[in-house]
Every structure is written in C-alpha cells, then in structure tokens.
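# Structural description and commentary
Below, each chain spelled out in residue letters.
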Amino acid sequence: MPPQTVHPAPARPDVAAPAAAPYDAILLYSFGGPDGPDDVLPFLRNVTRGKNIPEARLVTVGAHYDLFGGRSPINGQNLELLAALRAELARRGVDLPIAWGNRNWKPYAIDALAELREQGAHRVLALVTSAYGSYSGCRQYREHLARTLAELADRVGGDVTPGDVLAVDKLRHYFNHPGFVSSNADAVVEAYGELGDAAADAPLVFVTHSIPDVMEAGSGAQRPSYRTQHLEVAELVAAQVSERIGRPVEWHLAFCSRSGAPHQPWLEPDVNDLLGDLATAGTRSVVMSPIGFVSDHMEVAFDLDIEAMETARELGLTAVRAGTVSTRPAFVAGLIDLVLERAAAERGEDVARVTTGALGAWPDTCRPGCCRQSVDVDSGIPAACGQDSDPTQWSVQ
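Residues numbered from 1 in each chain as written. Predicted model: local features only at pLDDT ≥ 70, side-chain atom pairs only at ≥ 80, totals over all residues. Heavy atoms only, no water.

### Here we look at the overall build of the protein
Assigned secondary structure in the protein consists of 13 helices and 8 strands. A compact globule built from 397 residues should have a C-alpha radius of gyration of about 21 Å, and the protein, at 21 Å, falls within 12% of that. Referenced to the eigenvectors of the C-alpha coordinate spread, the extents of the protein come out at roughly 70 × 50 × 40 Å. Of all 397 residues assigned to the protein, the portion counted as buried reaches 52%. With an accessible surface of roughly 16700 Å², the protein has 51% of that area assigned to carbon and sulfur atoms. (Helix = DSSP H or I, 4+ residues; strand = E, 2+ residues; numbered from the N terminus. Rg over C-alpha atoms; globule rule 2.2 N^0.38 Å. Buried < 20%, exposed > 50% of the residue type's maximum accessible area, 1.4 Å probe, protein only. Areas by Shrake-Rupley, 256 points an atom, 1.4 Å probe, with all protein chains shown as cover.)

Written as structure tokens, this is what we have:
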C-alpha cells in the first residue's frame with residue numbers, strides 16, 4: 001500500500017484549558033478486536049505476529065469469537081469509554097480532544113495520532129486501557145508506539161524524526177488509584193446482592209490474565225511485580241467489600257487465558273482449577289471479579305462467562321460474575337484526575353500522586369529495563385515513553 005500523506009501540523013492557538021497544558025490531546029490507546037467474522041483471523045495474526053503460533057491454533061482461538069458473532073466486545077466498550085471521558089472533560093470545562101487507536105485492529109493508533117496531528121496537536125498523552133504493569137500491559141504498548149511514531153514520520157517525509165512529528169507521553173499505571181479500586185468494589189457488592197441468601201458464605205475469586213513466570217519476574221525488576229500489583233488491588237477491594245456487606249470476605253486470586261507451550265510455566269492457579277478446589281472444600285456459591293480487566297472483552301466474555309460458569313455448574317456452584325470498571329463514574333473521573341495530575345507535573349507544579357494501598361505511584365516515565373519479557377534480557381526493540389527512549393533510533397521494523 002502506498003504511504004499515506006499526512007499534512008504538517010498547523011500552528012494552533014492553545015485551546016486546551018490551562019489545567020491540561022502542556023497536553024493538547026489524549027490518545028485512548030487499546031488492544032483492539034475484530035468487528036466481524038472476516039476480521040477474526042487477520043486480527044489474531046496481528047496479535048501473534050513474530051511468535052511462531054501455528055495457524056491451526058489461531059483457528060481454534062478464532063472459534064471463541066464465533067460464539068459472539070465474530071465480534072469482540074472491546075471495540076464497542078472503548079467507544080463507550082471514549083464518550084464517557086469526553087463527557088467528564090466537558091463537565092470540568094476542559095477542552096481536550098480525544099482520539100481512540102488500537103495496537104492490533106482498526107482504528108489503528110497511527111491513524112488516531114495522524115488525525116490528532118492534522119487537528120493541530122503537538123503533545124499527546126496516551127491513556128492505555130491496561131491498569132497494571134507488565135510486558136503485555138506496558139512495554140509492548142511502548143514498543144508499538146515507537147514503531148507507530150516512526151511510521152508516522154515516514155508518512156510525513158523529509159527530515160522529520162519520530163520525536164519531531166508528535167510528542168507522546170504515557171499515563172502512569174492506575175491499578176491502585178482510588179477510582180479503579182472503588183469501582184471494582186462497587187461491582188463486587190452488586191454481585192453479592194445478586195446471590196441473595198447464598199452470599200452469606202460465598203468467597204470472592206479475583207481473576208486476571210495469566211502471564212508466563214519469566215514475564216512475571218521481568219515485571220518485578222523495577223517495581224512490585226504483576227502478581228503483587230493484583231494482590232494489592234484484591235486486598236483493597238476485599239476490604240471495602242467486607243466493610244460494606246458487614247462481614248469478612250474470604251478471597252483468592254486466580255488466572256485465566258493461559259496460552260503458549262505446555263512446558264512453559266505460567267501464573268497459577270487457573271480459575272477453573274480454583275473453583276474445583278473450592279467446591280471440594282465445601283463451597284457452594286462464589287463471586288468472580290475480573291479485576292485484571294478494564295472492560296468485559298473476550299477474556300471475560302469467553303473465559304469467565306462461558307468456560308468458568310460452565311465449570312461452576314458442573315461443580316454444583318452458584319456463581320455470579322461481577323462487572324468490570326467499564327464506564328463507572330468513579331473510574332472515569334479517576335482517569336481524568338490522572339490526566340490533570342500528569343499535566344500539572346509536566347508544568348513543574350508540586351503534585352500529590354493520588355493512590356490507595358501501600359505500593360505508591362508508578363513513575364510517569366518508565367525506567368531503563370522496565371517491564372521486559374524476562375529479567376535482564378533486552379529484546380533490542382525500542383520503546384517510547386521511557387528514560388532510555390531515543391526517538392532517533394526508532395524505526396518501522
């Protein structure tokens with residue numbers, strides 16, 4: 001396909017509210033998902049490119065999407081989040097454009113950034129729809145962003161470097177922000193309400209996406225690891241739930257969506273195995289909370305709503321799945337709070353980093369070696385938004 005033409009960014013007056021300066025746009029930056037049956041295999045090839053995944057395996061995974069008409073829920077949910085963020089900005093009187101772009105499917109991040117640039121944006125803050133720090137939830141987005149900005153510079157042409165074409169920063173991880181935690185607690189309390197009398201002894205099973213053990217170790221090289229982050233959120237949410245329902249809540253952390261070679265260890269226990277253990281121990285009802293996910297996309301819709309619910313039925317368990325944070329007002333307001341916090345920090349103001357729990361706030365700029373696939377192994381792939389990031393070294397390869 002011939003390169004697309006991107007017009008140079010025109011000079012524009014500073015129309016963003018002072019609270020948002022120096023940023024003049026936001027990128028809602030997400031994973032992406034197929035919009036119909038014809039998209040499924042091309043999407044999965046995008047996701048797994050370079051990983052030597054057999055085509056037969058992609059066909060097997062693609063069958064999960066058939067149960068939902070060949071569509072992933074994630075795109076529709078991102079549109080809802082986009083509208084909610086715009087409404088919250090408008091409520092506060094902040095004039096800050098937002099565009100939505102994905103890593104793996106339309107609308108792609110490059111097209112969203114090109115659109116913002118054509119509208120006059122010069123400095124963009126990327127809000128990733130992944131609350132936690134790990135290779136998949138942090139560095140892989142940063143690697144993709146470096147390639148994307150290099151490709152955008154190629155589109156512009158001339159002597160423009162990726163650093164010149166557009167400045168993009170990444171919002172810090174928000175798993176321990178009060179808005180994220182309280183919104184998860186709200187969803188869990190609602191789920192206990194659905195159980196009625198069966199809620200009295202029901203344990204709470206928090207669920208997140210499993211990752212390889214080596215990636216877990218890599219995630220903890222600079223800051224508390226992926227598992228540790230989830231344990232922190234689980235403890236915080238369970239404490240709020242216990243206070244609100246008036247009794248202590250027994251809780252567990254489980255994982256879903258394991259893939260990869262069978263001999264490679266991944267984080268455990270799998271949610272289905274944990275449900276079996278609970279049933280064996282005499283549990284008769286359970287609440288599952290997908291705290292690892294911002295919205296009800298495929299890992300929630302298939303792995304929990306279909307597979308785990310079927311496991312619960314086979315075990316004789318009464319199970320309710322709590323909702324995700326989605327567009328809950330406290331979560332959306334918290335994201336905008338974080339945007340304005342980062343903007344104030346960039347202006348050199350003394351900023352209070354709002355968090356809850358013991359782990360503290362993640363740095364605004366990732367440190368060298370942050371969130372690698374494994375400890376002390378550098379893939380050599382440039383990543384944006386880090387202290388070791390050099391835009392002159394980024395390429396489209």
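The structure having been displayed, the exposition proceeds.
### So, the sheet that holds strand E2 (residues 98–102)
Taking strand neighbours across the sheet as the criterion, the 4 strands line up as E2-E1-E3-E4 in an open arrangement whose pairing is parallel. Each of the sheet's edge strands pairs with one partner strand only, and the pair in question is E2 and strand E4 (167–170). Ignoring strand direction, the axes of neighbouring strands in this sheet form an average angle of 30°. (Pairing = 2+ DSSP bridges. Axes fitted to C-alpha atoms, helices over the stretch in contact; angles between N-to-C directions.)

### Remarks on the pairing of strand E1 (residues 25–30)
Of all 6 residues that make up E1, 6 are buried, and the element is covered over most of its length. On E1, burial covers both faces: Ala25, Leu27 and Tyr29 on one face and Ile26, Leu28 and Ser30 on the other are all buried. Taken together, the 5 bridges between E1 and strand E3 (residues 123–128) define a ladder with parallel strand orientation. Directly across from tyrosine 29, in E3, lies its bridge partner valine 128.

### Focus on helix H5 (residues 135–156)
The end-to-end C-alpha distance of H5 is 30 Å, a good match for the 32 Å that 22 residues give at a rise of 1.5 Å each. Among the 22 residues of H5, 17 are classified as buried, and the element is accordingly described as predominantly covered. (Expected span 1.5 Å × (residues − 1).)

### Examining unusual backbone geometry
Residue alanine 21 is joined to proline 22 through a cis peptide bond whose omega torsion reads 15°. Note that proline 22 resides in the segment before E1. The residue after glutamate 268, namely proline 269, is reached through a cis peptide bond having omega 10°. Here proline 269 is to be found in the loop between strand E6 (251–256) and helix H10 (271–280). Here the phi dihedral of serine 257 falls at roughly 65°; this positive angle occurs in a residue that is not glycine. Along the polypeptide, serine 257 turns up in the loop between E6 and H10. With phi around 60°, aspartate 376 is a residue other than glycine that occupies positive phi space.

### Here's the deal with a negative patch on the surface
Side chains of Asp213, Glu268, Asp273 and Asp277 sit close together on the surface and give a patch of like negative charge. Inspection of the secondary structure assignment puts glutamate 268 in the loop between E6 and H10. With a relative accessible area of 57%, glutamate 268 lands in the exposed category. (Patch = residues over 30% accessible without salt bridge, like charges linked within 9 Å, V, L, I, M, F, W, Y side chains within 5 Å. Salt bridge = Lys/Arg side-chain N within 4 Å of Asp/Glu carboxyl O. Lys, Arg positive; Asp, Glu negative; His and termini not counted. Charge placed at Lys NZ, Arg CZ, Asp CG, Glu CD.)

### Some points on the sheet that holds strand E5 (residues 204–209)
Ordered by their spatial adjacency, 4 strands build an open sheet running E6-E5-E7-E8, and the pairing between neighbours is parallel. Since the sheet does not close on itself, it has two edges, and those belong to E6 and strand E8 (318–321), each with one partner. Neighbour to neighbour, the strand axes of the sheet diverge by 25° on average, direction disregarded. Sheet analysis places strand E7 (residues 285–289) next to E8, joined by 4 bridges and oriented parallel. By the bridge assignment for E8, serine 285 is matched with threonine 318. Across the face of the sheet, helix H7 (residues 178–195) comes into contact with E5, E7 and E8 while running at roughly 155° to E7. Most of the contacts of helix H12 (residues 303–315) go to E8, to which it runs at about 170°, and overall it touches E5, E6, E7 and E8. (Contact = heavy atoms within 4.5 Å.)

### Examining the packing of H7 against helix H9 (residues 226–245)
Across the interface, H7 lies against H9 with an axial gap of 9 Å and an inter-helix angle of 50°. Considering their axes alone, H7 and H9 lie oblique with respect to each other. Between H7 and H9 lies a crossing of right-handed hand. The segment H7 lies against H9, with Phe180, Val181, Ser182, Asn184, Ala185, Asp186, Val188, Val189 and Tyr192 engaging Val233, Leu236, Val237, Gln240, Val241, Arg244 and Ile245. Class assignment of the residues belonging to the contact of H7 with H9 gives a composition of 11 nonpolar, 3 polar and 2 charged. (Parallel < 35°, antiparallel > 145°, perpendicular 65-115°, else oblique. Left-handed = near helix turned anticlockwise from the far one by under 90°. Nonpolar A, V, L, I, M, F, W, Y, C, P; charged D, E, K, R; others polar.)

### Focus: the packing of aromatic side chains
Evaluation of the coordinates by the stated rule reveals 12 aromatic pairs. Between phenylalanine 31 and phenylalanine 43, the ring centres sit 6.2 Å apart and the planes meet at 80°, which makes this aromatic pair edge-to-face. A residue pair is termed long-range when its members are at least 10 positions apart, and phenylalanine 31 in the loop between E1 and helix H1 (40–48) and phenylalanine 43 in helix H1 qualify at 12 residues. Ring centres 5.0 Å apart and planes at 85° place the aromatic pair phenylalanine 175 and tryptophan 362 in the edge-to-face group. With a gap of 187 residues between them, phenylalanine 175 in the loop between E4 and H7 and tryptophan 362 in the segment after helix H13 (329–346) connect regions that are remote in the sequence. Overall, phenylalanine 175 belongs to the buried group, its relative accessible area being 0%. Directly above the ring of tyrosine 141 sits arginine 103, whose terminal nitrogen or CZ lies 4.4 Å from the centroid. The lysine or arginine in question, arginine 223, covers the ring of tryptophan 362, its NZ or CZ lying 4.4 Å from the ring centre. (Phe/Tyr/Trp six-rings, centres within 6.5 Å; stacked < 30°, edge-to-face > 60°. Lys NZ or Arg CZ within 6 Å of the ring centre and 35° of its normal.)

### Comments concerning the environment of valine 396
Its place among the elements puts valine 396 in the segment after H13. Between the alpha carbons of valine 396 and glutamate 151 there is a distance of 5.4 Å; along the sequence they are 245 residues apart. With residues near it in sequence (within four places) discarded, valine 396 still touches Arg147, Ala150, Glu151 and Asp154.

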